[in-house]
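Observations on chain architecture
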Amino acid sequence: MSVPCIATRPAAPALPAVPSHGIFEQVQALLAREQLRAAHVRQLETLLDTCSGG
């Protein structure tokens, strides 16, 4: 049985822009975006686990 949750959903992170040129800079920006996205997903999963009592 799930427990009601009163925690607020964390806001999605602001992702860095990917430059239009420079492969190294593009790769760095894409990696940074992926790391931020993954951290946000983990935060949401933790919140859901806490709310469901898991």
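Thresholds, definitions, all that
- Residues numbered from 1 in each chain as written.
- Predicted model: local features only at pLDDT ≥ 70, side-chain atom pairs only at ≥ 80, totals over all residues.
- Heavy atoms only, no water.
- Helix = DSSP H or I, 4+ residues; strand = E, 2+ residues; numbered from the N terminus.
- Contact = heavy atoms within 4.5 Å.
- Areas by Shrake-Rupley, 256 points an atom, 1.4 Å probe, with all protein chains shown as cover.
- Patch = residues over 30% accessible without salt bridge, like charges linked within 9 Å, V, L, I, M, F, W, Y side chains within 5 Å.
- Salt bridge = Lys/Arg side-chain N within 4 Å of Asp/Glu carboxyl O.
- Buried < 20%, exposed > 50% of the residue type's maximum accessible area, 1.4 Å probe, protein only.
- Polar contact = N/O pair within 3.5 Å; in protein donor to acceptor, adjacent residues only side chain to side chain.

Here we take up the overall build of the protein chain. The helix and strand tally for the protein chain stands at one helix and zero strands. Within the protein chain, contacts between residues separated by at least 24 positions form 47% of all contacts whose residues are at least 6 apart in sequence. As presented, the protein chain carries roughly 4,500 Å² of accessible surface, and 63% of it is formed by carbon and sulfur atoms.

Further remarks concern a nonpolar patch on the surface. A surface patch of nonpolar side chains, about 430 Å² in accessible area, is lined by Ile23, Phe24, Val27 and Leu31. The residue Phe24 is located in helix α1 (residues 23–52) in this model. Judged by relative accessible area, Phe24 falls into the exposed class, the value being 55%.

Before going further, it helps to spend a moment on the pattern of salt bridges. Applying the stated criterion across every chain yields a total of one salt bridge. Here Glu34 ties to Arg37 by a salt bridge, and the two come within 2.8 Å at their closest N and O atoms. Of this pair, Glu34 and Arg37 both sit in helix α1, three residues apart, roughly one helical turn. The class for Arg37 is partly exposed, based on a relative accessible area of 42%.

The next thing to look at is the environment of Thr50. Summarising the element assignment, Thr50 is placed in helix α1. When the C-alpha positions of Thr50 and Cys5 are compared, they lie 8.2 Å apart, and in sequence the two are 45 residues distant. At 2.8 Å, the side chain of Thr50 and the backbone oxygen of Thr46 are in polar contact.

Turning next to the side chain of His40. When you line up the elements, His40 lands in helix α1. Residue class for His40 comes out buried when judged on its relative accessible area of 11%. Ignoring sequence-local partners within four residues, the contact set of His40 consists of Pro10, Ala11, Ala12 and Pro13.

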